[in-house]
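Listed here are the chains, written in short residue letters.
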Amino acid sequence: MHQSIREKVAEALRSALVAGELRAGVVYSAPALAERFGVSPTPVREAMLDLAKDGLVTAVRNKGFRVADLSERDLDEITELRGLIEVPTVAQIAQTVPAERVEALRPLAEAIVSAAETADVLAYVEADLAFHLQLLALAGNAHLVDIVRDLRRRARLYGIARLAEQGVLVDSGREHLDLLDKITAGDADSAAALMRHHLRHVRGIWADRPE
């Protein structure tokens, strides 16, 4: 039970990092985060140590954990890698995976849109992660999914809260429904092109400079 709390807290912290709710360079104490998540400090400290192993935070003696910063080059390189992996994989899925298996992801895509419409940033990040990983999993390569999961965890969507408040995030959310339509239609070229556009769009949100 204790381990499951640690894992749950770690995932919640990762979502908060990606959503930009935990800011780069800021030191957060385990007790303060524990109060925020409604748990004791111990699983928070353990979860933060897990994140430190991934390079997402660094321990600050007697103070807590500092959120690691990402440079513009880091973000560009993450975007490039994701493009090299996800664009051709989406095209492959459109050509080889039965439409009904792809269509099973529609509730997740709709959950992304719903989260955008209600400006629920954490729900958006979590549903978006689940959608993209489950979509890529249809290609049948577990290592590929693990690599993209790691790349996404290193991302920072600093502009997402502002876009959610402005209602602009809904357009990005609906791209997931459009992507499913193109894949289920077997249109590999259009699916790849939309995936490429979606990654550029997200890169802008990372830098708080949406297209």
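Scroll up to find the structure.
About the cut-offs
- Sequence order sets the numbering: in each chain, residues are counted from 1 along the sequence as written.
- At least 70 in pLDDT is required for a residue's local features to be given in this predicted model, at least 80 for side-chain atom pairs to be given and counted, and no such filter applies to totals for whole chains, interfaces and linings, which use all residues.
- Each side-chain value is derived from all of the structure's non-hydrogen atoms; neither hydrogens nor water enter the calculation.
- When DSSP finds two or more bridges between a pair of strands, those strands are recorded as paired.
- By the criteria applied, helices consist of DSSP H or I runs no shorter than four residues and strands consist of E runs no shorter than two, each listed in order from the N terminus.
- Only buried Ala, Val, Leu, Ile, Met, Phe, Trp, Tyr and Cys residues count toward a nonpolar core, and they belong to the same one when joined by side-chain atoms within 4.5 Å.
- Residue burial is assigned from relative accessible area. The probe radius is 1.4 Å, only protein chains are included, and a residue is buried under 20% of its type maximum, exposed over 50%, and partly exposed in between.
- Note on definitions: the grid is 1 Å and covers protein atoms alone; a cavity is a set of points where a 1.4 Å probe fits but cannot get out; a pocket is an open set with protein on both sides within 12 Å along at least five of seven lines; lining residues have an atom within 4 Å of a point.
- Grid points are joined across faces, edges and corners, and a volume is the space filled by probe spheres set on the points.
- Polar here means any residue outside two lists: the nonpolar Ala, Val, Leu, Ile, Met, Phe, Trp, Tyr, Cys and Pro, and the charged Asp, Glu, Lys and Arg; Gly therefore counts as polar.

All right, on to the sheet that holds strand 3 (residues 64-67) then. Spatial ordering of the open sheet is given by 1-3-2, a layout of three strands whose pairing is antiparallel. Each end of this open sheet is capped by a strand with a single partner; those strands are strand 1 (27-28) and strand 2 (57-60). Where strand 2 lies against strand 3, four bridges are found, and the strand directions are antiparallel. Directly across from Val57, in strand 3, lies its bridge partner Val67.

The next point concerns unusual backbone geometry. In this structure, Asn62 takes a positive phi of about 65° despite not being glycine. By the secondary structure assignment, Asn62 is in the loop between strand 2 and strand 3.

On to the nonpolar core, then. Residues Phe131, Leu135, Leu179 and Ile183 are the most contacted members of the largest nonpolar core, which totals 40 residues. Only helix 4 (72-96), helix 6 (106-117), helix 7 (121-137), helix 9 (160-166), helix 10 (169-184) and helix 11 (188-206) provide two or more residues apiece to this core. Looking at this core element by element, the count peaks at seven residues for helix 11. Membership of the second largest hydrophobic core comes to 18 residues, among which are Ala16, Val44, Val57 and Val67.

Moving on, we get to empty space enclosed by the protein. Taken as a whole and assessed by the stated rule, the structure comprises two cavities of 30 Å³ or more. Reported here for the largest cavity is a volume of approximately 250 Å³. Put simply, the parts of the chain that give the lining of the largest cavity at least two residues each are helix 1 (2-18), helix 7, helix 8 (142-153), helix 10 and helix 11. Per element, the largest residue contribution to the lining of the largest cavity is five residues, and it comes from helix 7. Estimated volume of the second largest cavity: approximately 30 Å³. Surrounding the second largest cavity, Glu175, His176, Leu179, Leu194, Met195 and His198 form its lining. Breaking the lining of the second largest cavity down by element, the ones donating at least two residues are helix 10 and helix 11. Partitioned by chemical class, the residues of the lining of the second largest cavity number three nonpolar, two polar and one charged.

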